Amino acid sequence: MDGSVDLCGVELGGPILNGSGTFDAIAARRVFGAALDREFPFDAFVSKTITLEPRAGNPPPRLWETAAGMLNSIGLPNRGLAGFLESDLPQLASLPVPLIVSVMGFSAREVAELVGAVSERAEVSLIELNVSCPNVETGLVMGADPTETAALLDVVRPLAGKPLIVKLSPNASAPEDVARAAEAHGADAVSLINTLKGTALAPGRNRPWLGGQGGGLSGPAVRPVALAQVAAVSAAIELPVIGMGGITSGAHAADFLSAGARCIAIGTESFRDPAAAGRVRADLAAIIRKEREEI
Amino acid sequence: MDGSVDLCGVELGGPILNGSGTFDAIAARRVFGAALDREFPFDAFVSKTITLEPRAGNPPPRLWETAAGMLNSIGLPNRGLAGFLESDLPQLASLPVPLIVSVMGFSAREVAELVGAVSERAEVSLIELNVSCPNVETGLVMGADPTETAALLDVVRPLAGKPLIVKLSPNASAPEDVARAAEAHGADAVSLINTLKGTALAPGRNRPWLGGQGGGLSGPAVRPVALAQVAAVSAAIELPVIGMGGITSGAHAADFLSAGARCIAIGTESFRDPAAAGRVRADLAAIIRKEREEI
Amino acid sequence: MSRAPRRTTAPFGRRAAEVTQAERLGAYVLISALDGGGPTDPVPGQFYMLATGERWGGGTDERPYLGRAFSFARARPDPGGLTLQFLLEAIGPGTARLAGLEVGDALLLVGPLGIGFDAPEAPQHALLVGGGIGVAPLLGLADSLEGAPGATLLGFRGAAHAAAGELFSSQPQIATDDGSVGAAGLVTDLLAPHLEGQALDARVYACGPPAMLEAVRALCAAAGVDAQLALESGMACGFGACFGCVVPTRDGLIRLCLDGPVLNADRLDSALVPGAGH
Amino acid sequence: MSRAPRRTTAPFGRRAAEVTQAERLGAYVLISALDGGGPTDPVPGQFYMLATGERWGGGTDERPYLGRAFSFARARPDPGGLTLQFLLEAIGPGTARLAGLEVGDALLLVGPLGIGFDAPEAPQHALLVGGGIGVAPLLGLADSLEGAPGATLLGFRGAAHAAAGELFSSQPQIATDDGSVGAAGLVTDLLAPHLEGQALDARVYACGPPAMLEAVRALCAAAGVDAQLALESGMACGFGACFGCVVPTRDGLIRLCLDGPVLNADRLDSALVPGAGH
Ligand SMILES: Cc1cc2nc3c(=O)[nH]c(=O)nc-3n(C[C@H](O)[C@H](O)[C@H](O)COP(=O)(O)OP(=O)(O)OC[C@H]3O[C@@H](n4cnc5c(N)ncnc54)[C@H](O)[C@@H]3O)c2cc1C
Ligand SMILES: Cc1cc2nc3c(=O)[nH]c(=O)nc-3n(C[C@H](O)[C@H](O)[C@H](O)COP(=O)(O)OP(=O)(O)OC[C@H]3O[C@@H](n4cnc5c(N)ncnc54)[C@H](O)[C@@H]3O)c2cc1C
Ligand SMILES: Cc1cc2nc3c(=O)[nH]c(=O)nc-3n(C[C@H](O)[C@H](O)[C@H](O)COP(=O)(O)O)c2cc1C
Ligand SMILES: Cc1cc2nc3c(=O)[nH]c(=O)nc-3n(C[C@H](O)[C@H](O)[C@H](O)COP(=O)(O)O)c2cc1C
Ligand code: FES
Ligand code: FES
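Predicted, not measured: the structure shown is a model, and the values here were computed from it.

Caption draft 1: Looking closely at the site of ligand 3. Near ligand 3 lie 23 residues; those nearest to it are Ser20, Thr49, Lys167, Gly246 and Thr268 of chain A. Ligand 3 sits at a junction of chains, with neighbouring residues supplied by chains A and D. Between ligand 3 and Lys167 of chain A, the relevant distance is 2.8 Å, taken from an oxygen atom to a side-chain nitrogen or oxygen of the residue. Residue Gly267 of chain A places a main-chain N or O atom 3.1 Å away from an oxygen atom belonging to ligand 3. For ligand 3, the accessible surface in isolation is 600 Å², of which the surrounding protein chains cover 98%. Counted by class, the shell around ligand 3 contains 6 nonpolar, 15 polar and 2 charged residues.

Caption draft 2: Region of interest: the interface of chain A and chain D. Facing 41 residues of chain A, the contacting portion of chain D comprises 36 residues. Summing both sides of the interface, chain A and chain D together bury roughly 3,200 Å²; the carbon and sulfur share of this comes to 65%. One salt bridge in this structure joins Arg30 of chain A and Asp259 of chain D, with 2.8 Å as the shortest N-O distance. Where chain A touches chain D, the interface holds 11 residue pairs in polar contact (both at pLDDT 80 or more). When contributions to the side of chain A that touches chain D are tallied by element, the ones reaching two or more residues are α1 (25–32), α2 (35–38), β5 (63–66), β6 (69–72) and α10 (269–272) of chain A. With 5 residues, the single largest contributor to the side of chain A that touches chain D is α1 of chain A. Among the residues forming the side of chain A that touches chain D, the class breakdown is 22 nonpolar, 10 polar and 9 charged.

Caption draft 3: Highlighting the sheet that holds strand β12 (residues 203–207) of chain C. Residues and elements named next belong to chain C. Taking strand neighbours across the sheet as the criterion, the 7 strands line up as β11-β10-β9-β8-β12-β13-β16 in an open arrangement whose pairing is mixed. Sheet topology places β11 (183–184) and β16 (262–264) at the edges, where each strand pairs with a single neighbour. Direction of pairing for β12 relative to strand β13 (residues 226–230): parallel, over a ladder of 5 bridges. Its bridge partner lying in β13, Cys207 is registered against Ala230. Set on the sheet, helix α2 (residues 135–144) makes contact with β8 (126–131), β9 (151–156) and β12; between it and β8 the angle comes to about 155 degrees. Against the sheet, helix α5 (residues 210–223) engages β8, β12 and β13, with an angle of about 170 degrees to β12.

Caption draft 4: Focus on the site of ligand 4. All names here are of chain B. By nearness alone, 23 residues border ligand 4, and Ser20, Thr49, Ile193, Gly246 and Thr268 come closest of all. Within the side chain of Thr49, a nitrogen or oxygen atom sits 2.6 Å from a nitrogen atom of ligand 4. One of the side-chain N or O atoms of Thr268 is found 2.6 Å from an oxygen atom in ligand 4. Protein chains shield 98% of the accessible area of ligand 4, which is 610 Å² for the free molecule. Residue composition of the shell around ligand 4, by class: 6 nonpolar, 15 polar and 2 charged.

Caption draft 5: How the structure looks around unusual backbone geometry. For the bond from Leu192 of chain B to Ile193 of chain B, the omega torsion is 5 degrees, close enough to zero to count as cis. Omega for the peptide link from Gly111 of chain C to Pro112 of chain C comes to 5 degrees, which places this bond in the cis form. Even without glycine at this site, Cys8 of chain A takes up a positive phi of about 55 degrees. Along the polypeptide, Cys8 of chain A turns up in the loop between β1 (5–7) and β2 (10–12). In the Ramachandran plot, Ala68 of chain B falls in the positive-phi region, its phi being about 55 degrees despite a non-glycine side chain. Residue position: Ala68 of chain B is located in the loop between β5 (63–66) and β6 (69–72).

Caption draft 6: Focus on the sheet that holds strand β12 (residues 215–218) of chain A. Residues and elements named next belong to chain A. Ordered in space as β5-β6-β12-β11, the 4 strands form an open sheet in which the pairing is antiparallel. At either margin of the open sheet sits one strand with a lone partner, and together these are β5 and β11 (196–198). Pairs of neighbouring strands in the sheet enclose a mean axial angle of 35 degrees, with direction left out of account. Note that β6 and β12 share 3 bridges and pair antiparallel. Across the sheet, the residue bridging to Asn72 is Gly216, located in β12.

Caption draft 7: Representation of the packing of aromatic side chains. The full count for this structure, using the stated rule, is 24 aromatic pairs over all chains. Considering the side-chain rings of Phe23 of chain A and Phe42 of chain A, the 5.0 Å spacing of their centres and the 80 degrees angle between planes classify their relative orientation as edge-to-face. Taken together, the positions of Phe23 of chain A in the loop between β3 (16–18) and α1 and Phe42 of chain A in the loop between α2 and β4 (45–46) put the pair 19 residues apart, joining distant regions of the chain. Ring geometry for Phe23 of chain A and Phe45 of chain A: centres 6.4 Å apart, planes at 80 degrees, overall edge-to-face. A residue pair is termed long-range when its members are at least 10 positions apart, and Phe23 of chain A in the loop between β3 and α1 and Phe45 of chain A in strand β4 qualify at 22 residues. The structure contains a cluster of three or more aromatic residues connected by ring pairs, namely Phe23, Phe32, Phe40, Phe42 and Phe45 of chain A together with Phe12 and Phe239 of chain D.

Criteria and thresholds
- For every chain, the first residue of the written sequence is number 1, and numbering continues from 1 along that sequence.
- Chain A is the first chain written and ligand 1 is the first ligand written, with later ones labelled in order.
- Owing to the predicted nature of the model, reporting of local features is limited to residues with pLDDT of at least 70; listing and counting of side-chain atom pairs is limited to 80 or more, with chain, interface and lining totals taken over all residues.
- Only hydrogens and water are set aside; all other atoms, that is, all heavy atoms of the structure, feed into the side-chain values.
- Each residue is tested against the molecule or strand, and it is near if at least one of its non-hydrogen atoms lies within 4 Å.
- Two N or O atoms count as a polar contact when they lie within 3.5 Å, although within protein this holds only if one can serve as hydrogen donor and the other as acceptor, and sequence-adjacent residues are included solely when both atoms are side-chain atoms.
- Values of accessible area rely on a 1.4 Å probe in the Shrake-Rupley scheme; residue burial ignores everything except the protein chains shown.
- Polar here means any residue other than Ala, Val, Leu, Ile, Met, Phe, Trp, Tyr, Cys and Pro, which are nonpolar, and Asp, Glu, Lys and Arg, which are charged; Gly is therefore polar.
- By the convention used here, residues are in contact when the closest approach between their heavy atoms is within 4.5 Å.
- Accessible surface is computed with a 1.4 Å probe, and the buried area is the amount of it that two parts give up when combined, taken over both parts together.
- Within this document, salt bridges are pairs made up of a side-chain nitrogen of Lys or Arg and a carboxyl oxygen of Asp or Glu, the two lying within 4 Å of each other.
- Only DSSP runs of H or I covering at least 4 residues are called helices, and only runs of E covering at least 2 are called strands; the numbering of each starts at the N terminus.
- The criterion for strand pairing is that DSSP finds at least two bridges linking the strands in question.
- Whenever a helix is involved, its axis is fitted only over the stretch in contact; in every case the axis is a line through C-alpha atoms, and angles between N-to-C directions fall within 0 to 180 degrees.
- Note on aromatic contacts: the rings of Phe and Tyr and the six-membered ring of Trp form a pair at centre separations within 6.5 Å, being stacked when their planes are under 30 degrees apart, edge-to-face when over 60 apart, and tilted otherwise.

Spelled out as structure tokens, the structure:
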């Protein structure tokens, strides 16, 4: 990619992020060694969502493969704010790209506390508010309707010393209305889509397969839904939009950008190929180069 | 299937319906001749949604294949109420199974007029209210939130001489809340899911492929979403539930039934194999037989 | 030859046929399969919805998912049923899977579907005009004539595609874009002289890309010659169920799978069907 | 033999290896592929995420979509890289696609991943216990020993599966459910006598279905013998990214792909991992 991208005043080498919770750079360093940093495939790194208190996450099984996609019920396992700041942040800070920290709270007060604490750290470039995770019951509330989102931002915005990305819930009647509320109440960017609510039954057993009962659907299966929501939200607001949901190729990335996204994120496709984002980036660059030549 | 199924007082030979708009029995008779009636694969037939006035539907292209699914922007082409009653109804009435007529209006008054007129016809066993079609703009309104649904039913219910099925929109924050409203305001059954809102861009052209711009996603890709909504709605209400969305096998049908559905419907899978519902029925019967033996 | 019905009824449901031959023909692949479960008299111009028995899916963008529409190129009654031939070029995930079929594999099919060509009053009245893969249904039509057609005019991109011309026994005139086989130019250049001073009972039978069909339509309209055009549009079902394959006609939108794919040219303002790309 | 590191680092990203052999072995298939892009010293017990280069997807329920985890059964440095062998049985859409690989096809892989077995102090201290497909990683372990293990005990359903026993040169004792090969009964029946009066430095290395591993764990715990168990759980990524493969241990839930798949038995209250079915 020749062109760098401005995301809320942060300059990125290109438009490709990871979806929160779909790439653990610390684990990846253990598995891939120094190659990870050398060949780092994202232009900014988004942490897995953290909460105030440590969480073990949902009981297994947590995964179910679907037609051209997957369900997960991970349930936000994380070390909690203190553990994150102490153990994870220093390691993530040494990645070769800007850092975005994803946070989620079970009340506006909790989110405010998280945002306040994370804002103080110079290693962090932006903060993403996960208000849409379908795996943790109360997570849905704040991202489900415009009024809730507005109320949350009114509390959190004044405490945030960094640009705030609001990650919208796709399980909403009109995500564009939530996006408008986010924009009006001080968000600096929005990202979407998070996973769609879904479930699967254990083969022949008449009960949910996933330990968390329900799960979130991601992967190519959801791409048409993601693209429609990204287009609708991009048309509704002026803020930069980070689009994701089933992107597996440079052509898909180009579609999301032309639907109005400023950046795109790779989620589930990284599971199939840890370096998928690098391939998407190269293919996207070739597509953009070709388009420029044709003009 | 040895067991017949009671759907709002109408006895069906089994639990398998077609999804509205995914099987045109009149066209199928032209293509398959007498074999269609002889080997009819559904236990009740649901008409394509009709409106008060004739509609040409959306401009082509209307179809886009997605990962394990498809988008459509058909736009409810139909002859209108008068044309339907005159030309289509007599032909559908001679099918070997009970008839369900799907109707949609752009106002409660329109729906009421449709329901009133259709109710008078003895050939019709049940009426389905399509309040969720994502292809026609105003269609979303009535099925998108509980209050709208309640208001619609308050107008329509008194005029309906037949059991009313409300087909819920899957593009809602909480379809179970809409289902509860439908139950409280006199619906006799609910069906779900209709298609998920989605879109696709024309290859290399940066504009929507579909003539209707947006479309509705169906097929295996949406099955986990459908199953989750069917389970949530079945848990929330006492009314019979007709479950659909990506069902392609007897095992899927069994999953939907064990998630709480009374009946299931085959939609997109009929496109791949017109007789798919017959295969699903046979496989489901075998599964049920096996389960009974194991008890 | 009297007016034969243009639609042969299909068995209800999808069935498997066994692939008996799969051969390359330049840029094309010709698949032969023995259909033991269908009628032995499909009408040239009718089509089948095809899928491979194994491994349909899993290609580019996790496709193909739906079946794909193919005119039959030839149909020959054989012991055990009807040997159907389909001519195709691998241009996407569906055609790639079909092109990968091997002898003994299962080909899933629904059909015959749609309305075929109206037979000409006499073979010599028929002017066959095919472009690219559009030659496929004309082969079946040529086979069904009890004599040589008035002309067989075929247009191709170049030599690799012109190889399909060898399938015609009716001594086709060929034009290629690059002049590598036959005349350099468009098949409509070959057609124009044939339309001059044609008897009223001549009829053009054409199949090919939208731009070619539109040129044929305009030429025939100007010359006052009847034409039957086999169109394409994106199809999900092929049997009138989805209302997805509509094309605009003078009578409004019609389902091409049900009321086509062969249409009388005078029903169309234009043969440039939206979304029927390539 | 001193403690070797249990994790060999993997190249970043997915790469293609060429299938060099694909042979049936009773109920199993043994796939050999030449990996020119990875390390030549994976640790026995480590695994790779596999997919076929073509036609992944399109099977039952439009799967497989994600890669599938496989322990390498053997690894042999060869000119051009490392020849990796994977032993598998077609039990679902993913294994079916892999079982269908032919010589020359591309096998996509990420790895080596996870933590392998801790080498025994001396070969004769190693008691290898495998059930069914679980024999795969034990083959690699047996190969890596500089001498014969103390015992190789293998359990299978019947003769078709017991064919995998032929891969072991260490004279395995075999038990089958139906008694068709070796002793009739469970592999844990064979293990029990070996645990009696074992020296403190003996160690059991086990891989197999959850119920077998749980029986091995309980037997070893009772006998006070160390055991390393190679577990399975559903995996989406294999490199710690998704947090999906967690199994309960005494220290809480751990990601099996990152901190396993080989675990010291004393970390577990039970080897009956939720959702690791068959
Ligand atoms: C009646 C009829 C008869 C036909 N007969 C023949 C024949 O005899 N031989 C032959 O080779 N072909 C024939 N065709 C065309 C054939 O059906 C198509 O070439 C085939 O469907 C292409 O499938 P694909 O998966 O290979 O390509 P696709 O990827 O489906 O691409 C084909 C075209 O579809 C569009 N497209 C691209 N992506 C998508 C998508 N995701 N969803 C929907 N559309 C998309 C584009 O316009 C593209 O050019 C016929 C078509 C019809 C309607
Ligand atoms: C570390 C490790 C090493 C392994 N080594 C080997 C080996 O050497 N050889 C070998 O043969 N196998 C090995 N396996 C197991 C192998 O990964 C599985 O057998 C394989 O993933 C099955 O894929 P499938 O598509 O064939 O079957 P699936 O259809 O995926 O079925 C496999 C199991 O997954 C569950 N399941 C069913 N449907 C779904 C669904 N839709 N989504 C998610 N789960 C589902 C069920 O419990 C089923 O029994 C290993 C696994 C791990 C974790
Ligand atoms: C296993 C898994 C875990 C996820 N965890 C999180 C998370 O912690 N926070 C979050 O905001 N989104 C999370 N997501 C959602 C992704 O970031 C992304 O929004 C979604 O998967 C859609 O993109 P994809 O189809 O490319 O995966 C998770 C998704 C998956 C598959
Ligand atoms: C081409 C097409 C047309 C449809 N038309 C209608 C319609 O007219 N009325 C309606 O209520 N639902 C309509 N639907 C929705 C289906 O009835 C069904 O709810 C949906 O497709 C999900 O089921 P499936 O995944 O099995 O197709 C249509 C779906 C498709 C694919
Ligand atoms: S392809 Fe479905 S109606 Fe024609
Ligand atoms: S498989 Fe993804 S974390 Fe282990």
